[in-house]
Amino acid sequence: MDSTPPPFAVLFPLLLLTLPNFLALPNSATRIASTMKPRRLHAKLFHYNSIFSPTYNPSDTVVDHATYMVQNSAARLAYLRSKVRTSLASSNDVQAHLDIDRGIFLVKFSLGQPPVPQLAVMDTGSTLLWVECKRCMGTKDCFDPSKSSSYAATSCEDAKCDSLPRKSCDTDSNQCKFSIAYENHFSTGGVLSTDQFTFETFDEGSVVVPNVSFGCSTTGGLSGRKFNGIFGLGDSPTSLVTKLGNKFSYCIGNMNDPEYSYNRLVIGDGADIEGYSTPFEMYKGLYYVTLEGASLGDIRLHFDPNVFKRTLHGSGGMIIDSGAELSYIPETEYSELYSNIRLLLDPFLQRVIYKTERWSLCYNGSVSRDLVGFPAVTFHLAEGADLVLDTGSLFYYKEPQVFCLAIHPVRSFEDIPEPDILSIIGIRAQQNYNVAYDLTNQTLYLQRMDCQLLDD
């Protein structure tokens, strides 16, 4: 195939002009500008395929990455569906699907005094931040509470102990014990504790936060892996987010570029609460947003907004999530998107059909070469906020010269009608955005940007 841009880049110039502008979003949205910003408490985020991440494996192929992404996202979807539908998960006994090999994004921080560097998986679907203590043999930066002068175990009488979904009391030591079971049968447990956390700032070197609650795990099985625990960003009395002002934001850049180094997590009053806002709802520790429709360029897709609303008995709705890389929507709405994309691409590119995934939409070619001028897909959220998926967010490589749609269908079954189907906005769809959460006002902010600008 030659390097000539595809014909649709010429055939649809008006379509391209009407795409949502990255800098000029709908007037109906409210822009929040901050003139005085507090110092930023931030942590670096490492994508598992970044050369800066300890999980990076130069021998991994495009097929390896695609297989991992699809399997992990599907497992995350299966867990989230069970969490919001079953009585077992209603008490939060079972936390979000945990990939114990890599995770998607790792958070860098230091724990204790003297500070010990840590890496934990960022997870908006978990409420407790926990790290392995002492048992992480072979891990260079293992945290040993007996060597930290600022460490303290939490007593059984502490109110934070009462907030744990699964807890017990060691009566001999009067220590609050926690336990967590994950969807993939991995479990961990130990002592609810406090210690100081150290984070870098953009302009002041570092910030020390004293008396942060965390789970000091003594029964986990992460030894020999490249990270030490889970950095939960859900809302709870034990959450670091709650302690620091009920705000956090993360900025995700190009996940296809292993040399991109500006992914950031910011917590507290220094979080970048800017951009266009949409309300969210907390349910069972998950963040729900309202999808009112979707567009392909200036073509409004026929999406039924009712299928993206959570039902009275708690099923359905749309979650914005950090643990699934792909996005998921109901089969009927997926078919509408699928058909419209095919109308644009089928005349110019060869489809690739996989026998075990006949519903997937894949083509031979190069995203950067063959999709020049291809219109973006826009998710229209409540109160005028738009999430724009350009080609880098809309497609992923399944093979070196085969790219596929990064939105998958969730099929309805006899016992799960379409209004009960859970939809997910995965982290790939959030690329090139700073995504901010104001837990007090239950508001989500979306700001299209290059994360490198956060260093200014």
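Since we're looking at a predicted model, the values are computed, not measured. Here the residue numbering is sequential within each chain, running from 1 through the sequence in written order. The model is predicted, so local features are restricted to residues of pLDDT at least 70 and side-chain atom pairs to those at 80 or more, both for listing and for counting; the totals for chains, interfaces and linings are taken over all residues. Note: side-chain values were computed over all heavy atoms of the structure, leaving out hydrogens and water.

Undergrad: How would you explain the confidence of the model for the protein chain if you had to name every residue and give the values?
TA: On average, residues of the protein chain score 83 in pLDDT, and 80% of them reach the 70 mark or higher. Per-residue confidence from the prediction method is given by pLDDT, with values spanning 0 to 100. By the convention used here, residues are in contact when the closest approach between their heavy atoms is within 4.5 Å. Considering only residues more than four positions removed or in separate chains, one finds that residues 12-38, a stretch of pLDDT under 50, has 42 contacts. Note on residues 87-97: pLDDT under 50 across the span, and 39 contacts to partners over four residues away in sequence or across chains.

Undergrad: Got a sec to walk through the packing of aromatic side chains? Specific residues and values, please.
TA: Working definition: rings of Phe, Tyr and Trp (its six-membered ring) pair if their centres are within 6.5 Å, and the pair is stacked with planes under 30 degrees apart, edge-to-face with planes over 60 apart, and tilted otherwise. Enumeration over the complete set of coordinates arrives at 23 aromatic pairs. Where F197 meets F214, the ring centres are 5.8 Å apart and the plane angle is 70 degrees; that geometry is what we call edge-to-face. With F197 in strand β10 (residues 187-200) and F214 in strand β11 (residues 206-217), this residue pair connects regions lying 17 residues apart in the sequence. For the pair formed by F197 and F214, the shared burial category is buried. Between F374 and F395 the ring centres are 6.0 Å apart and the planes differ by 70 degrees, which places this aromatic pair in the edge-to-face class. With F374 in the loop between α8 (367-370) and β23 (377-381) and F395 in strand β25 (residues 395-399), the pair connects residues that are 21 residues apart, well separated along the chain. Exposure categories follow from relative accessible area, calculated using a 1.4 Å probe and restricted to protein chains: below 20% of the type maximum is buried, above 50% is exposed, and the middle band is partly exposed. Owing to a relative accessible area of 6%, F374 belongs among the buried residues under this scheme. An aromatic cluster is defined as three or more aromatic residues linked by ring pairs; in this entry it consists of F109, F143, Y151, F197, F199, F214 and F231. By the criterion adopted, a ring carries a charge over it if an Arg CZ or a Lys NZ lies within 6 Å of its centre and within 35 degrees of its normal. Of note, R310 hangs over the ring of Y288, and the distance from its end group to the ring centre comes to 5.6 Å. The cationic tip of K398 hangs over the ring face of Y354; the distance from NZ or CZ to the ring centre is 5.2 Å. Only DSSP runs of H or I with at least four residues qualify as helices, and only runs of E with at least two residues qualify as strands; both kinds are numbered from the N terminus onward.

Undergrad: Can you tell me about the pattern of salt bridges, naming the residues and giving the values?
TA: We define a salt bridge as a side-chain nitrogen of Lys or Arg found within 4 Å of a carboxyl oxygen belonging to Asp or Glu. Counted under the stated rule, the structure contains eight salt bridges. Between D123 and R76 there is a salt bridge whose closest N-O contact spans 2.8 Å. With D123 in strand β5 (residues 116-123) and R76 in helix α3 (residues 62-85), this residue pair connects regions lying 47 residues apart in the sequence. Residue D123 is classed as buried on the basis of its relative accessible area, which comes to 6%. Its relative accessible area of 1% is what places R76 among the buried residues. The partner of D370 in a salt bridge is R369, and the shortest N-O contact between them spans 3.0 Å. Taking the relative accessible area as the measure of exposure, R369 reaches 27% and is therefore partly exposed.

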